Amino acid sequence: MRIVIKIGTSTLAHKTGRINIRRVEELCKVMSDLKNAGHEIILVSSGAIGMGVGKLSLSGKPTDIPTKQAAAAVGQCELMYVYDKLFSEYNHTVAQILITGADIEQTERRTNFENTILRLLELGVIPVLNENDSIATEEIVIGDNDTLGAIVAATLKADLLIILSDIDGLFTADPHSDKNAELLHTVKEITGEIEEMVGDAVGELGTGGMYTKINAAKIATKSGTDMVIANGKEPKILYDIVDGKEVGTRFLGKR
Ligand code: GLU
């Protein structure tokens, strides 16, 4: 299977913005194993701004653009350093691809990054993508990596898009405030009712909430890709998702 795995800042970093070492080590181990089993893995990783915040000892997520872009520039290095080091332990090679909205909108640029990723996959490399936050301004911003992950999955005709976050999946109501909220295991169609269930809460260091995830599900399923939202706190969950077990929420791709 060709699998795009998007990992959110809340999964990769502690609330301080510093990397969650145990978690990231485990994630890289499981992803390496899935690759060893014959799957193609494309990683869409957030965490650049969050880790920049940690490394620069800033007091919280910056609100002004220059500090955000500076934090992303610092944090992106840290991210790739960590991925390179951890995947190397399992004999895998990573490659960094940073893109902006303009790279997706313009057909020629989109074809360029698509060709690069396909060639990297042929070469057995794990491409690691993020938005190029250090240069993306309002006019060219994609804005969140749920959307980026979905666009990448659709472009590459992936079999599966996995979104790992700090939530277990899509609930019938907000599980923090409503104890009757139930986890939906399978969503065949994104109806108006589903959209109504979605809150707009955003994590402390990340960007997306459930809203961007549903939007991503629309893009992915439309192009025939299944999408699963699951909690990344136990990285072994990736095995169950790939095996098609009932974990998280699976949105069925249109066939
Ligand atoms: N590109 C952002 C980062 O690396 C994250 C965007 C998102 O969380 O969706 O910090």
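Residues numbered from 1 in each chain as written. Predicted model: local features only at pLDDT ≥ 70, side-chain atom pairs only at ≥ 80, totals over all residues. Heavy atoms only, no water.

Scanning the protein chain from terminus to terminus reveals ten helices and eight strands. A globule of 255 residues ought to have a C-alpha radius of gyration of about 18 Å, and the protein chain, at 17 Å, matches this closely. Each of the three principal axes of the protein chain carries a C-alpha extent, and together these read 40 × 40 × 40 Å. In the protein chain, which comprises 255 residues, the proportion classed as buried is 51%. In the protein chain, the proportion of contacts linking residues at least 24 apart, taken out of those at least 6 apart, comes to 72%. (Helix = DSSP H or I, 4+ residues; strand = E, 2+ residues; numbered from the N terminus. Rg over C-alpha atoms; globule rule 2.2 N^0.38 Å. Buried < 20%, exposed > 50% of the residue type's maximum accessible area, 1.4 Å probe, protein only. Contact = heavy atoms within 4.5 Å.)

Strand order in the open sheet formed by eight strands is β3-β4-β2-β1-β5-β7-β8-β6, with mixed pairing between adjacent strands. Edge strands, defined here as strands with exactly one partner in the open sheet, are β3 (94–99) and β6 (186–187). Pairing analysis gives three bridges linking strand β7 (residues 226–231) to strand β8 (residues 249–251), with the strands arranged antiparallel. When the bridges of β8 are listed, V228 appears paired with R250. Along the sheet, helix α4 (residues 65–89) makes contact with β2 (40–45), β3 and β4 (126–131), crossing β3 at roughly 155°. Relative to the sheet, helix α6 (residues 107–122) contacts β1 (2–7), β2, β3 and β4, its axis offset from that of β3 by approximately 170°. (Pairing = 2+ DSSP bridges. Axes fitted to C-alpha atoms, helices over the stretch in contact; angles between N-to-C directions.)

Turning our attention to the pattern of salt bridges. Overall, the coordinates contain eleven salt bridges when judged by the stated rule. The shortest N-O distance in the salt bridge between E122 and R119 comes to 2.6 Å. Linking E122 with R119, this pair stays in helix α6, spanning three residues, or about one helical turn. A salt bridge links K245 to D240; the nearest nitrogen and oxygen atoms lie 3.6 Å apart. (Salt bridge = Lys/Arg side-chain N within 4 Å of Asp/Glu carboxyl O.)

With that settled, the discussion passes to the packing of helix α3 (residues 48–55) against α4. Relative orientation of the contacting elements α3 and α4 amounts to 95°, with a least axis distance of 6 Å. Comparing the axis directions of α3 and α4 gives the class roughly perpendicular. Together, A48, I49, M51, G52, V53 and K55 of α3 and K68, A71, A72, V74, G75, Q76, E78 and L79 of α4 make up the contact between the two elements. Its residues assigned to classes, the contact of α3 with α4 shows eight nonpolar, three polar and three charged. (Parallel < 35°, antiparallel > 145°, perpendicular 65-115°, else oblique. Nonpolar A, V, L, I, M, F, W, Y, C, P; charged D, E, K, R; others polar.)

The element helix α7 (residues 145–155) is largely enclosed, with a buried count of eleven among its eleven residues. Those residues of α7 that sit buried are N145, D146, T147, L148, G149, A150, I151, V152, A153, A154 and T155. Positive phi appears at K157, one or two residues downstream of α7, with a value of about 50°.

Once that is clear, we can look at the packing of helix α2 (residues 21–36) against α4. A pair of packed helices can be characterised by two numbers: the angle between their axes and the separation between those axes. Look at α2 against α4: their axes get within 9 Å of each other, and the N-to-C directions meet at 50°. In this view, α2 runs oblique relative to α4, as classed from their interaxial angle. Like other packed secondary-structure pairs, α2 and α4 cross with a definite hand, here right-handed. For the pair formed by α2 and α4, the contact residues are V24, E25, C28, M31 and S32 on the first element and V82, Y83, L86 and F87 on the second. Residues that form the contact of α2 with α4 fall into these classes: seven nonpolar, one polar and one charged. (Left-handed = near helix turned anticlockwise from the far one by under 90°.)

For N130, the location among the structural elements is in strand β4. Residue class for N130 comes out buried when judged on its relative accessible area of 3%. Separated by 3.0 Å, the side chains of N130 and N145 make a polar contact. Excluding its chain neighbours within four sequence positions, the residues that come into contact with N130 are S45, S46, A48, Q76, L79, I97, L98, I99, N145 and L148. (Polar contact = N/O pair within 3.5 Å; in protein donor to acceptor, adjacent residues only side chain to side chain.)

Quick look at α3 now. Within α3, seven of the eight residues are buried, leaving the element largely enclosed by the surrounding structure. Turning to α3, its buried residues number three or more, namely A48, I49, G50, M51, G52, V53 and G54. Check the buried side of α3 and you find it contacts α1 (9–12), α4 and β4. Where α3 terminates, the next one or two residues include S57, which has phi positive at roughly 50°.

Below, the discussion takes up unusual backbone geometry. Here the phi dihedral of S57 falls at roughly 50°; this positive angle occurs in a residue that is not glycine. Examined against the element boundaries, S57 turns out to sit in the loop between α3 and α4. One non-glycine residue with positive phi stands out, namely N91, at about 70°. Note on placement: N91 falls in the loop between α4 and β3.

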